[in-house]
Amino acid sequence: MVLGSSFLLEAQDTLAPTFFQDRVQPLIESRCVSCHGPDKQKGQLRLDSREAMLKGGESGPVLIPGKPSESLLVQVVLHQKKDLEMPPKERLTPADIAVLERWIGAGAPWPQGHSTNSTAAQTPGERVGDAWSDPKNPITRLFGGQRLDLWSFRPLARPALPASATNPWVRSPLDAFILASLEKAGSQPAPEADRRTLIRRLTFDLTGLPPSPTEVAAFVSDPSPLAYEHLVDRLLASPRYGEHAARLWLDVIRYSDSNGFDWDEFRPKAWRFRDYVIRSLNADKPFDQLVREMLAGDELLAGPPSSPAEQDYLIATGYLRLGPQDNSSAAFNEQDRSRAELLADLTETTSSAFLGLSMSCCRCHDHKFDPLSQADHFRMRAFFEGVRPADDLPLDLAADQERIRAFNQNLERNIAPLEKDRQAILDRVRQSLREERLTKLSADERTLLEKPPEAPSDADKSRLEGIRKKVEPSDKEVKAALAKREQEKAAEQSVAQRISELKAQLKPWTQGLLMSENGEKIPVTRILFQGDYKSPRDPVEPGFPSALDPNPAPVVKPANPKTSGRRLALAHWITHPQNPLTPRVLVNRVWQQHFDRALVATPNDFGLAGSRPTHPQLLDWLAEQFIQGGYSIKALHRTVVLSATYRQSSSRSLGNPPSVATLPGQNADQAALYATQSLRRLSAEQLRDALLLTSGQLQLRPGGPPAWPDLPPEVLQANPAFLDDNAEKTKGWYPSPAGDQHVRSVFLVQKRTVRVPFLETFDLPENSTSCARRTVSIVAPQAFALLNGPLAVQSARALAERVSRESEAGGSAQIRRAFQLVLQRPPAPEELRECEQLLSQRSLTEVCRVLLNLNEFLYLD
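Residue numbering note: each chain is counted from 1, following its sequence as written. Two thresholds apply to this predicted model, a pLDDT of at least 70 for residue-level local features and 80 or more for giving and counting side-chain atom pairs, whereas whole-chain, interface and lining totals are computed over all residues. Derived side-chain values reflect all non-hydrogen atoms in the structure, with water molecules and hydrogen atoms excluded from consideration.

A. Quick look at the confidence of the model for the protein chain. pLDDT expresses how confident the predictor is about each individual residue, on a scale running from 0 to 100. Considering every residue of the protein chain, the mean pLDDT works out to 90; 95% of them sit at 70 or more. The low-confidence segment residues 117-121 (pLDDT under 50) makes 10 contacts with residues lying over four places distant or belonging to another chain. We call two residues in contact when some of their heavy atoms are within 4.5 Å. Below a pLDDT of 50 lies the segment residues 654-668, which in the model reaches 23 contacts outside its immediate sequence neighbourhood of four places, other chains included.

If you want it as structure tokens, here you go:
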């Protein structure tokens, strides 16, 4: 290091004029100023100016211009001073230390006007380029030109197909990429699965339900060379597709029917958003349109909706309301804290769900790994700064709104005189009470009340107020007096009854869980010091990640004149064909759905701390296909499931080698290479729905308010919110009638603090934050739930009744029918014998119970 310092000293005359701006200042900003700047001065030391460094802190001056080896600043970053090693956790790199040494050796020049505030690097009005092309970019300055090799920020590349594309095994170009990686590793694909396995896998993957025995038999015996393609198209056209596909998105965007926090109040209208997602996916609404509607649907409308499609624009803004909301904040005067949490949640969920960026990591400080600054978090947050709940915004179509308004106005014209008549009765009683009380006043009190002094003293004011309180009856006293006056009481009740009858005829507005904004009154967004809402600092404008575009975002003029266009601008940027993040993130999620493992193992984090793609060329090829296909999610599903890769068996032939070479950054297993399909357990919802469908209990319905299942008494008695319900009945748990509980699991109520026990046992995720990938556990309670749980016992009983109805009398016929319903295949001879023996000793219900507990029922091959 001494030799390096000498060399740098000799070269000081070649120091570039912009060296401080491009290399030194970003380093100090990113690694020093957070602890030694205007907001915090550890050791009474500031490093945000040359003068502060020369002055020093508790340990004296840290800078001796021209003498880097003698400067305390260099000594502490080299960790040469005991108890003064800086930074204390993550040491500077040799390159960073060399920058400081070279700068100090050149005399530590600090050009006038250069602040260590990274937001000041850009002159107002000046356009700055991206971090790869412009040294003025704040991310380049902040991280000294590092962190810019992030793969997910690179433009999409249309990769050339590998030579393996000509292999007979290849059914789709995506197979060529998979086969190329297999061949490189000296491996080969697994054989194609048999037809029963394929239809079972495909039906669960696309609809979340098992196929019927009739469907399996028809597919297995279909001689058409396009039988599989026809099956895919039929399943994608099924209404069940949207119900299942929506579940993926509801996980990612943290859907819930309740607010969360201690009270966890029920949201009666949240279901409209859930049905919107299902409806949109069934209609194959382009993904870019979905994003625009969810982020800025209200900005797409100039007035009331004129069609169901425009009605969905408003319902889609429920996305902005899905996060947890602390309704108790007002009681503790913490509205500002609750508001800050809402905006942080929107920023972080939007970034992770659509862009794969972990904005939560830079809420309080510059990102530790990725090319993201704290300012980037708040630039993104500024897009949402103006949003406010809009639950009173009517969803009715424009023509219906006119009819409702005219009808209600006519009723209100009839109600108004009745209200006056009722008020007149109450006023007469009030006046009567007042006159009675006046007679009880002393002459002196009456005089003061009738002729108060023009300039009363404080004593007169106090006495006068007391007299008025004695004379003026309260509403409660008026009602009590009315109850004792038979004639007036009867008249008031008659009028009140008529008013109630007319009000009952008023047509209500259709409402939902909505969000909108007042574009004229949007507060300034400020960077919060260490993320603390009580410590606002520099203002920022709405903007995209600075590494890509550090300039204020161009505002899009919305159709809605009452909104700002900010969120629409964000939606347009997220869905722009040149944005490489959004399509990569989406196709990665869909791939994960079909293979149980993603091309990028961290679907919500495409940053440097996340996983790199196992097959980057395949990821980009799929992303390009997705864009070229008009952002069709169904077309993307079709591309994946038609591939030979998807159709592989989950087991390998004996001729394959037992192990393969290791892909960069991957485990040495066949799964990393997609050399087999995944053997995976059904999700919590798939398992519950399969139990109900197989046993003949599942109720298919188009949506609507959620169904509430029964809960065990111990759960009801242990939840504080249930025990402290309110008048609106939003805190308690209210089970639906038994006949209405057997709906698909997506239609069950989803409370944040209490999950349905059966679903929770099988890894239903907690829904306060975005869930990118569910954990899959194998624990004893799952076996107990399937063997002895109320749902399993009830399903076994219902299945036995169904088998009895649908099969001939006799043990073997019933067993064969049970196997067809549960496993979509006939029993093997040994299985038939064992089940017949069990049936002779127990009952058909017990046989059905055994079949519903088989791994073959629980796992998807």
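And the narrative resumes.
B. Examining helix H10 (residues 227-236) more closely. Buried residues are those whose accessible area, probed at 1.4 Å on protein chains only, stays under 20% of the maximum for their type, while exposed residues exceed 50% and partly exposed ones sit between those limits. Think of it this way: any DSSP run of H or I at least four residues long counts as a helix, any run of E at least two long counts as a strand, and we number them from the N terminus. Within H10, seven of the 10 residues are buried, which leaves the element mostly enclosed by the surrounding structure. Every buried residue of H10 is accounted for by Ala227, Tyr228, Glu229, Leu231, Val232, Leu235 and Leu236. Those residues of H10 that are buried are in contact with helix H8 (195-207), helix H9 (213-220), helix H11 (239-252) and helix H25 (633-641).

C. Geometry of the packing of aromatic side chains. Two rings from Phe, Tyr or Trp (for Trp, the six-membered ring) form a pair when their centres are within 6.5 Å of each other. A pair whose planes differ by under 30 degrees is stacked, one over 60 is edge-to-face, and the rest are tilted. Following the criterion strictly, the structure yields 23 aromatic pairs and no others. Note on Phe287 and Phe354: the rings are 6.4 Å apart at their centroids and 55 degrees apart in plane angle, and the pair reads as tilted. Of the two residues, Phe287 sits in helix H13 (residues 287-296) while Phe354 sits in helix H15 (residues 335-355), which places them 67 residues apart along the sequence. Taking 5.9 Å as the distance between ring centres and 55 degrees as the angle between the ring planes, the aromatic pair formed by Phe722 and Trp733 counts as tilted. Linking Phe722 in helix H29 (residues 720-723) with Trp733 in the loop between H29 and helix H30 (757-761), this pair joins segments that are 11 residues apart in sequence. Residue Trp733 is classed as buried on the basis of its relative accessible area of 8%. Connected via pairs of aromatic rings, a cluster forms that spans Trp249, Phe287, Tyr319, Phe354, Phe626 and Tyr631. The ring of Tyr646 carries Arg201 above its face, with NZ or CZ at 5.6 Å from the centroid. Above the ring of Phe407, the side-chain terminus of Lys507 is found at 4.8 Å from the ring centroid. Lysine and arginine charges are scored as sitting over a ring when NZ or CZ, respectively, is within 6 Å of the ring centre and within 35 degrees of the ring normal.

D. The nonpolar core, seen in detail. Throughout this description, the term nonpolar core refers to a set of buried Ala, Val, Leu, Ile, Met, Phe, Trp, Tyr and Cys residues connected via side-chain atoms within 4.5 Å. One finds Phe273, Phe287, Leu295, Phe354 and Trp591 to be the most contacted residues of the largest nonpolar core, which totals 152 residues. Excluding residues that lie within four positions of it along the chain, Phe287 makes contacts with Trp249, Phe354, Thr582, Leu586, Phe626, Tyr631 and Ile633. Among the nonpolar cores identified, the runner-up in size contains 27 residues, and Ile28, Val33, Leu92 and Ile97 belong to it.

E. Main features of helix H31 (residues 780-788). Buried within H31 are the following residues: Gln782, Ala785 and Leu786. End-on view of H31: buried residues confined to an arc of 90 degrees, all on one side of the axis. Where H31 is buried, its residues meet strand S5 (680-681), helix H27 (684-694), H30, helix H32 (790-806) and helix H36 (855-858). In this context, the arc is that of the directions from the helix axis out to the C-beta atoms.

F. How the structure looks around empty space enclosed by the protein. Here the term cavity refers to a set of points on a 1 Å grid, laid over the protein atoms alone, in which a 1.4 Å probe fits but cannot get out; the term pocket refers to an open set having protein on both sides within 12 Å along at least five of seven lines, with lining residues being those that place an atom within 4 Å of a point. Grid points are joined across faces, edges and corners, and a volume is the space filled by probe spheres set on the points. In total, this model carries five cavities of 30 Å³ or more according to the counting rule given. The space that makes up the largest cavity amounts to roughly 80 Å³. Val749, Gln750, Arg755, Leu759 and Leu764 are the residues nearest the centre of the largest cavity, which is lined by 14 residues in total. Charged means Asp, Glu, Lys or Arg here, nonpolar means Ala, Val, Leu, Ile, Met, Phe, Trp, Tyr, Cys or Pro, and polar covers whatever is left, Gly included. When grouped by side-chain class, the residues that make up the lining of the largest cavity number seven nonpolar, three polar and four charged. Counted as a void, the second largest cavity has a volume near 70 Å³.

G. Spatial organisation of unusual backbone geometry. In the segment running from Met86 into Pro87, the intervening peptide bond is cis, with an omega of -15 degrees. Among the secondary structure elements, Pro87 is positioned in the loop between helix H4 (72-77) and helix H5 (94-105). The backbone phi angle of Arg147 is positive, close to 70 degrees, even though this residue is not glycine. On the secondary structure map, Arg147 appears in the loop between helix H6 (138-142) and helix H7 (173-184). One non-glycine residue, Arg254, lies in positive phi territory at about 50 degrees.

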